[in-house]
2 protein chains.
Amino acid sequence: MEDGVSAKELREIIRQLERKLGILEKNEMGCCGVSFAQCHAIVEIGRGKKVSLNLLADSLGLDSSTMSRTVNNLVNNGLVQRELDPEDRRYVTIQLTESGKKVFQHIEETMNNYFLGVWERIPTDKRAQILESFQILLTAFQ
Amino acid sequence: MEDGVSAKELREIIRQLERKLGILEKNEMGCCGVSFAQCHAIVEIGRGKKVSLNLLADSLGLDSSTMSRTVNNLVNNGLVQRELDPEDRRYVTIQLTESGKKVFQHIEETMNNYFLGVWERIPTDKRAQILESFQILLTAFQ
DNA sequence: ATAAAATAGTTGCAACACACAACTACTTCT
DNA sequence: AGAAGTAGTTGTGTGTTGCAACTATTTTAT
């Protein structure tokens, strides 16, 4: 049962990573003045430029009602714009306002900086291996 | 700026992993009949056998007030026992009841099984590398 | 063409998760 | 003995979430 032991090791190490990431996100949050869920939504909207509500909900794994409210808060904060799609008026198109874009860029920058720091703390000869390992693991999660 | 590109790659891949893990946890939850926070607490209590509230709160990165309430719910569900420490009566010792232990074992089993499955889907010659990579990354997060 | 089914989104509801601040009850330090 | 410190609980407010019921619109089937 050697495999069982190693699998537990894998579980444990992922658990530790999860915790670190949790702390990271918690710290991240304070900075941009938006809540956790809002922060995620902004990143997702910013990347897609223009998205519908359900697409957004799917990509974040949330119920569309939850998404609707989160977007609503973002609209109230002036970070996001919601418009009816003239093609099919059931849809709304969601996109960042100017101040939304600023927040988005700020998040992106901070995150990229943070990861650059992490990257630089990884020994040079191990870097490629780490990226490869994550790829493999991702597919193993299927 | 090659490093910047790779660091972004790292960020992206971790993001993807986070999402997978999130989905995993969500599925996990339903099974044991306890909430997300409760599930985490049970695992932590089960591992430590006997812990104080603040220790528990620290290990999960939560405020002690939050922890107090979560434990309270677990006590109400009959999964956890709370006793005054006779040595120092400021402390409470928290431990699993018999049914709590059952839930704990069930969670452990399910998780270990899941990770065994993941482990087996990793090519044999890549396994050691993956564990090593995670270790390195963990320290790089510092 | 029109009624029925499907789809996108919103709102009412109820529960959970969480932190800060103020509190009680103990213990330790001086 | 009194002051300071520590463990835990409770009050309060915010944010997150999903389900179910609803409206508005478009597509499909008769």
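Look a little higher up for the structure.
Residues numbered from 1 in each chain as written. Chains lettered and ligands numbered in written order. Predicted model: local features only at pLDDT ≥ 70, side-chain atom pairs only at ≥ 80, totals over all residues. Heavy atoms only, no water.

Novice: So what exactly am I meant to see when it comes to the side chain of Ser52 of chain B here?
Specialist: Within the secondary structure layout, Ser52 of chain B lies in the loop between α2 (36-48) and α3 (53-60). Beyond its immediate chain neighbours, meaning those up to four positions away, Ser52 of chain B contacts Tyr91, Val92 and Ile94 of chain B. (Helix = DSSP H or I, 4+ residues; strand = E, 2+ residues; numbered from the N terminus. Contact = heavy atoms within 4.5 Å.)

Novice: What should I look at first to understand the packing of aromatic side chains in this one?
Specialist: For any pair of aromatic rings, the description rests on two quantities: the centre-to-centre distance and the angle between the ring planes. All chains considered together, the criterion is met by seven aromatic pairs over all chains. Through successive ring pairs, a cluster of aromatic residues spans Tyr114 and Phe115 of chain A together with Phe141 of chain B. (Phe/Tyr/Trp six-rings, centres within 6.5 Å; stacked < 30°, edge-to-face > 60°.)

Novice: For this particular structure, what's the right way to read the protein's contact with DNA strand D?
Specialist: As a structural note, the neighbourhood of DNA strand D is formed by 24 residues, with Ser35 and Ser65 of chain A together with Asn54, Ser68 and Arg69 of chain B the closest of them. Within 4 Å of the protein, the contacting atoms of DNA strand D are drawn from sugar and phosphate to the extent of 70%. In this structure, Arg90 of chain B approaches DNA strand D through a side-chain N or O atom, which is 2.9 Å from a base nitrogen. Those elements giving two or more residues to the surface near DNA strand D turn out to be α2 (36-48) and α4 (64-76) of chain A together with α3 and α4 (64-76) of chain B. For the surface near DNA strand D, the leading source of residues is α4 of chain B, giving four residues. Of the residues contributing to the surface near DNA strand D, the split by class is six nonpolar, nine polar and nine charged. (Near = heavy atom within 4 Å. Polar contact = N/O pair within 3.5 Å; in protein donor to acceptor, adjacent residues only side chain to side chain. Nonpolar A, V, L, I, M, F, W, Y, C, P; charged D, E, K, R; others polar.)

Novice: Is there a simple way to think about the interface of chain B and chain A in this case?
Specialist: When the parts of a complex come together, some accessible area is lost, and that lost area is often taken as the interface size. Opposite the 54 residues of chain B that make contact, chain A presents 54 residues. Where chain B abuts chain A, roughly 5,600 Å² becomes buried across the two surfaces, and 63% of that area is made up of carbon and sulfur atoms. Looking at the side of chain B facing chain A, the largest losses of area belong to Arg11, Phe134 and Phe141 of chain B, adding up to 14% of the total buried there. At the surface where chain B touches chain A, the tally comes to 10 salt bridges. As a salt-bridge pair, Arg11 of chain A and Glu108 of chain B come within 3.0 Å of each other at their nearest N and O atoms. At the boundary of chain B and chain A, one finds 20 residue pairs in polar contact (both at pLDDT 80 or more). Put simply, the parts of the chain that give the side of chain B that touches chain A at least two residues each are α1 (2-32), α2, α3, α5 (98-120) and α6 (127-141) of chain B. Sort the elements by how many residues they give to the side of chain B that touches chain A and α1 of chain B lands first, with 20 residues. By residue class, the composition of the side of chain B that touches chain A is 25 nonpolar, 10 polar and 19 charged. (Buried area = accessible area lost by both parts, 1.4 Å probe. Salt bridge = Lys/Arg side-chain N within 4 Å of Asp/Glu carboxyl O.)

Novice: Sorry, what's going on with the relation of the copies chain B and chain A here?
Specialist: Here the two chain copies are tied together by a rotation about an axis and a shift along that axis. Structural alignment of chain B on chain A gives an RMSD of 0.1 Å, achieved by rotating through 180° and translating 0.1 Å along the axis. Read as a symmetry element, the transformation amounts to a two-fold axis. When the interface residues of chain B are mapped onto chain A, 100% of them again lie at the interface, so the same face is used by both copies. (Least-squares fit on C-alpha atoms with pLDDT ≥ 70 in both.)

Novice: What exactly am I supposed to notice about the protein's contact with DNA strand C here?
Specialist: Around DNA strand C, a shell composed of 24 residues is seen, among which Asn54, Ser68 and Arg69 of chain A together with Ser35 and Ser65 of chain B lie nearest. Take Arg90 of chain B: an N or O atom from its side chain is 3.4 Å from a sugar or linking oxygen of DNA strand C. Those elements giving two or more residues to the surface near DNA strand C turn out to be α3 (53-60) and α4 of chain A together with α2 and α4 of chain B. Here the surface near DNA strand C gets four residues from one element, more than from any other, and that element is α4 of chain A. A class-by-class count of the residues in the surface near DNA strand C yields six nonpolar, nine polar and nine charged.

Novice: Hey, could you run me through the nonpolar core in this one?
Specialist: Most often, soluble globular proteins have nonpolar side chains that are buried together. Formed by 87 residues in total, the largest nonpolar core has its most connected members in Leu10 of chain A together with Leu10 of chain B. When residues no more than four places from it in sequence are discounted, the contact partners of Leu10 of chain A are Leu137 of chain A together with Phe115, Val118, Trp119, Ile122, Ile130 and Leu131 of chain B. (Core = buried A, V, L, I, M, F, W, Y, C linked by side-chain atoms within 4.5 Å. Buried < 20%, exposed > 50% of the residue type's maximum accessible area, 1.4 Å probe, protein only.)

Novice: Help me understand the pattern of salt bridges in this model?
Specialist: Between side chains of opposite charge, pairing is possible as soon as their charged atoms come close. Tallied over the full model, the rule gives 14 salt bridges over all chains. Between Arg47 of chain B and Glu12 of chain A there is a salt bridge, and its shortest N-O distance comes to 2.8 Å. Of the two residues, Arg47 of chain B sits in helix α2 while Glu12 of chain A sits in helix α1 (residues 2-32), which places them in two different chains. For Arg47 of chain B, a relative accessible area of 33% gives the class partly exposed. Connected through shared salt-bridge partners, Arg15 and Arg19 of chain A together with Glu44 of chain B make up one network.

Novice: What is the right way to read α5 of chain B from this model?
Specialist: Working note: α-helix, 3.6 residues per turn, so residues spaced by three or four point in the same direction. Taking 1.5 Å of rise per residue, 23 residues should cover 33 Å, and α5 of chain B covers 33 Å from first to last C-alpha, within 8% of that figure. Buried within α5 of chain B are the following residues: Gly100, Val103, Phe104, Ile107, Glu108, Met111, Asn112, Phe115, Leu116, Val118 and Trp119 of chain B. (Expected span 1.5 Å × (residues − 1).)

Novice: Sorry, what's going on with unusual backbone geometry here?
Specialist: The general pattern is negative phi for most residues beyond glycine and trans for most peptide bonds. Residues and elements named next belong to chain A. Even without glycine at this site, Lys49 takes up a positive phi of about 70°. The topology assignment puts Lys49 in the loop between α2 and α3. Judged by its relative accessible area of 59%, Lys49 falls in the exposed class.

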